[in-house]
Amino acid sequence: MAIKIFIDQGHNPSGFNAGAEGFGYREQDITYIVGAYLFDILNSDSRFDARVSRTYPEEVLGTSNASSLRQRVDMANSWPADYFISIHVNSNPNPDINGAEVYVYNLDSPSSDLAESILQEIVRRTGIKYNGVRENSSLYVLRRSQMPAVLVELGYITNFNDLQLLINDQYQFAYGIYVGLLNYLGLPQL
């Protein structure tokens, strides 16, 4: 039986629940592509069955911020997925803030081990700064998912050096998530 992975490409392409912006780039465009790569990587491995929240770049989920988040979680819960991976890009008013971090609902959980495994592999593959696994019980997609869930902040769109990685190494970010998942599950790379 294939392991079911739900990939949530954070944010809508425009309007409500649109993501961060930096240097003329948009979070939702980066998360869409990284999620699409991850979808292809996972579905080319017979041990996995992956689905995405946004099946095409301009797809808008929900009719408000709240319903957009709810629709993503509902898709994963009703499938039901075995793991929920939400992909995001961070921002900060201070352009010097940089690096990748992964959020979980509770640090004392299987999600935390998955988050650590994914983060280590992203850092190893892209060279982005390691910011650690962090607890945030207020994030809707982590709070309402009925399976282990992680929210991956790939890097800061407002930091010029991170942005270069986010633009140029999108496949490596996706592959890092994949290998992090394999390592967590104790599965060999094919």
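Look up: the structure comes first, before these words.
Residues numbered from 1 in each chain as written. Predicted model: local features only at pLDDT ≥ 70, side-chain atom pairs only at ≥ 80, totals over all residues. Heavy atoms only, no water.

Peer 1: Explanation requested: unusual backbone geometry in the structure shown.
Peer 2: Note on backbone geometry: most residues besides glycine have negative phi, and most peptide bonds are trans. A cis amide bond, omega -5°, links Trp79 with the succeeding residue Pro80. The topology assignment puts Pro80 in the loop between helix H2 (65–78) and strand S5 (83–90). A positive phi angle, close to 55°, is found at Asn17, a residue other than glycine. Position of Asn17 among the secondary structure elements: in the loop between strand S1 (3–9) and strand S2 (21–22). (Helix = DSSP H or I, 4+ residues; strand = E, 2+ residues; numbered from the N terminus.)

Peer 1: How do you make sense of a nonpolar patch on the surface when you look at a structure like this?
Peer 2: On the surface, Phe23, Tyr25 and Phe160 cluster together into a nonpolar patch covering about 330 Å² of accessible area. Here Tyr25 is to be found in strand S3 (residues 25–26). Overall, Tyr25 belongs to the partly exposed group, its relative accessible area being 37%. (Patch = residues over 30% accessible without salt bridge, like charges linked within 9 Å, V, L, I, M, F, W, Y side chains within 5 Å. Areas by Shrake-Rupley, 256 points an atom, 1.4 Å probe, with all protein chains shown as cover. Salt bridge = Lys/Arg side-chain N within 4 Å of Asp/Glu carboxyl O. Buried < 20%, exposed > 50% of the residue type's maximum accessible area, 1.4 Å probe, protein only.)

Peer 1: So what exactly am I meant to see when it comes to H2 here?
Peer 2: Note on helix geometry: an α-helix contains 3.6 residues per turn, so any two residues three or four positions apart are oriented the same way. Taking 1.5 Å as the rise per residue, H2 with 14 residues should run 20 Å; its terminal C-alpha atoms sit 20 Å apart, in good agreement. All buried positions along H2 are accounted for by Ser67, Ser68, Arg72, Val73, Ala76 and Asn77. Close packing links the buried residues of H2 with S1, S5 and helix H4 (140–144). (Expected span 1.5 Å × (residues − 1). Contact = heavy atoms within 4.5 Å.)

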